[in-house]
Amino acid sequence: MIACMNFDVVIIGGGLVGASLAAALRDSGLSLALVESQATPEPATGWDSRIYAISPGSRGFLERSGVWPLLDASRIAPVEAMRVFGDSGGVNSTSALADSGLPTFSAELEFSAYQMGVAELACILENRALQRALWQRLAQQENLTLLHPASCAALRFAGEAAELTLQDGRTLSAKLVVGADGRDSWVREQAGISAAPVDYQQHGVVANFSCELPHRGIAYQWFQPDGILALLPLPGDQVSMVWSVGARETFVPVPEQKFHVPLLALSHDELCTQVAAASQHTLGKLKIITAPAAFPLRMLTLPHIVGPRLALVGDAAHNIHPLAGQGVNTGFRDARQLAQLLLERGTQNDCGDAHLLRSYERKRKEDIYTMQATTYGLKHLFNNDVPLLRTMRNLGLSATNRITPLKKMLMQHALN
Ligand SMILES: Cc1cc2nc3c(=O)[nH]c(=O)nc-3n(C[C@H](O)[C@H](O)[C@H](O)COP(=O)(O)OP(=O)(O)OC[C@H]3O[C@@H](n4cnc5c(N)ncnc54)[C@H](O)[C@@H]3O)c2cc1C
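Keep in mind the model is a prediction, meaning the values are calculated, not measured.

**Describing the environment of Leu213**
Here is step 1: Relative to the elements of secondary structure, Leu213 occurs in the loop between strand S12 (198–211) and strand S13 (218–224).
Here is step 2: Expressed as a C-alpha distance, the spacing of Leu213 and Gln238, which sit 25 residues apart in the sequence, is 9.4 Å.
Here is step 3: If we skip the residues at most four places from it in the chain, Leu213 touches His281, Thr282, Leu283 and Gly284.

Okay, here's the thing in C-alpha cells:
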C-alpha cells in the first residue's frame, strides 16, 4: 500500500499562475506540492507566438519571487506608449484608408509611461521563456515537492483536509487545495463550481512579424466592427500580433474584395498583407516570423472562487477577453493575493481556514469583475454596426483621451 503524503498546500496546475504561487510561497514555512500533468517545458527555439504584456505589478511580483532575474533580458521588450484607435479613421492622412475616401479623423486614446510617471507601461515577453524561468526557480525550492507529469484521478474535500488521488495510486492530503489548472479546470468540476461561459464567438489569432518601420516601443490596438487587432513591440524591429476575430472563426472581411477570408488559411504573404492593411500600414511592410495559431475566446464568471479547503486561481477562476492583455495579469494578482494572505496568516492558523478563503474571494472579486465587465463592454461596443453607436464609441475614445483623471484611473488599474 502506498502511504499518503501530507502537505499544507497542494497546487494543481503548474502553468504561469500555479507556478508563480508556488514560487511566492518559498519562504512561507508551508509544505507544498505542485501537481502538473505536462512534462517540463522545452527550451525555447525561435520566437514563441504566445506573448504576454506583463504589467509592472506582475513584474514586481515575479521579481520578489526571484523569477524575473532568470529571464533573458535581450528577449524582453518594454512598452513605452500605447495607442488605441477606433473604427472611424486612420493613424495619419497617408494611410490606405485615407486613399479609399473613408473618414480619417483618428479617434485615438494614447497612454505613455512618461505621462504616467513609470519606467514602462508593460513588458512584452514570451510564454515559454516565463514558464521555463518559473520551473527553473521551483526546481531549487526546498519546501516544494514537484509531481510531474502526474495525472489526477479523484479529489475529495472533507472538514479537516482535502484528499487527492493520482492515477498511479499515490494519495496526497492537504489543508488547502489550489485549482490552477486552467480554463477547463478539473479541480473546479470536482468542487462542483460551475457557470455557463459566454462564448465570444471569436478566436484570438497570434503570430509574430518583423516590420519595416520601427515600433519605437509603442503597443498599437485597432478596434474594428469585426475584431480587435493588437500589435505589441518585441525586441528589434519585430511585433507580436493578437487579432481577436469573429466567429466565422478566424475569418475577416477584406474591404476591397467584399468577401470573407479565413485568416489561418491565408498564405504567409497574404496574412502579412491583411495585417498591414488592418493596421493601416503603421509599421510599413510586415514579414511573418512565427506561424499563426488561434485560440477560442470566452468569458467565464463563477459564483464562487473558493470552497471548503479550496481556492481557484488564474484561468480556472475566470476567463477574460485578451483585448486588455490582462488575462495572465489578473491570474498573477490572484496568486499575489492568496500568497499574501497565507504569508500573513500567522503560523498557528490553518492555511485552509474558511475565513482566510472568504477573505481571498472578497479581495479578488472587484478586480475580476472590473476586468470582465470592461473587456466584455468594449468588445460588444465595437462589434456593433449601429451608426450612432459607431460615432459614440469613437467620440468616447477621444473624450477618454482628454479626460485626464479618467485616463489615469484606467491606466492605474492596468499597471497593477
Ligand atoms: C490569444 C490569447 C492571447 C492572450 N494574450 C494575453 C496577454 O497578452 N496578456 C495576458 O495577461 N494574458 C493573455 N492571455 C491569457 C493567458 O494566456 C491566460 O490567462 C493564462 O495562460 C492563464 O494561466 P493559468 O496558469 O491560469 O492557466 P494555464 O496557462 O492554462 O495553465 C494551466 C496548467 O495546468 C495544467 N493542468 C491542466 N489540467 C490539469 C490537471 N487535471 N492536473 C494537473 N495539471 C493540469 C496544464 O498543463 C497547465 O500547465 C491570452 C490568451 C489568449 C487566448
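There's plenty left to go through after this.
**Section: the site of the ligand**
Here is step 1: Taken together, 30 residues lie near the ligand, and Glu36, Arg50, Tyr52, Asp315 and Val328 sit nearest.
Here is step 2: In the model, an oxygen atom of the ligand is placed 2.7 Å from a nitrogen or oxygen of the Asp315 side chain.
Here is step 3: In the environment of the ligand, an oxygen atom lies 3.3 Å from a nitrogen or oxygen atom belonging to the backbone of Gly327.
Here is step 4: Compared with its free state, where it exposes 1,000 Å², the ligand has 84% of that area covered by protein.
Here is step 5: Breaking the shell around the ligand down by element, the ones donating at least two residues are helix H1 (16–24), strand S3 (51–54), strand S18 (286–301) and helix H8 (327–344).

**Some remarks on the nonpolar core**
Here is step 1: With 70 residues, the main nonpolar core has Val10, Val35, Ile54, Leu130, Leu164, Leu172 and Leu338 as its most contacted residues.
Here is step 2: Leave out the neighbours within four places in its chain, and Ile54 touches Arg59, Leu62, Trp68, Ala122, Cys123, Leu125, Leu130, Val328, Asn329 and Phe332.
Here is step 3: By size, the runner-up hydrophobic cluster in this structure holds 25 residues, among which are Phe209, Cys211, Leu263 and Leu283.

**Considering the confidence of the model for the protein chain**
Here is step 1: Taken over all residues, the pLDDT of the protein chain has a mean of 84, while the share at 70 or more is 79%.
Here is step 2: Here residues 90–105 scores under 50 on pLDDT; set against residues more than four positions off or in separate chains, the count is 25 contacts.

**Side note on the packing of H1 against H8**
Geometry of a packed helix pair, given as the angle between the helix axes and the separation of the axes.
Here is step 1: The N-to-C vectors of H1 and H8 enclose an angle of 25°; their axes lie 9 Å apart at closest approach. The orientation of H1 relative to H8 falls into the category roughly parallel. In this structure, the crossing between H1 and H8 has a hand that is right-handed. Across the interface between the two elements, Leu16, Val17, Ser20, Leu21 and Ala24 from H1 touch Val328, Gly331, Phe332, Ala335, Leu338, Ala339 and Leu343 from H8.
Here is step 2: Considered class by class, the residues forming the contact of H1 with H8 number 10 nonpolar, 2 polar and no charged.

Quick notes on the rules
Residues numbered from 1 in each chain as written. Predicted model: local features only at pLDDT ≥ 70, side-chain atom pairs only at ≥ 80, totals over all residues. Heavy atoms only, no water. Helix = DSSP H or I, 4+ residues; strand = E, 2+ residues; numbered from the N terminus. Contact = heavy atoms within 4.5 Å. Near = heavy atom within 4 Å. Polar contact = N/O pair within 3.5 Å; in protein donor to acceptor, adjacent residues only side chain to side chain. Areas by Shrake-Rupley, 256 points an atom, 1.4 Å probe, with all protein chains shown as cover. Core = buried A, V, L, I, M, F, W, Y, C linked by side-chain atoms within 4.5 Å. Buried < 20%, exposed > 50% of the residue type's maximum accessible area, 1.4 Å probe, protein only. pLDDT = per-residue confidence, 0-100. Axes fitted to C-alpha atoms, helices over the stretch in contact; angles between N-to-C directions. Parallel < 35°, antiparallel > 145°, perpendicular 65-115°, else oblique. Left-handed = near helix turned anticlockwise from the far one by under 90°. Nonpolar A, V, L, I, M, F, W, Y, C, P; charged D, E, K, R; others polar.

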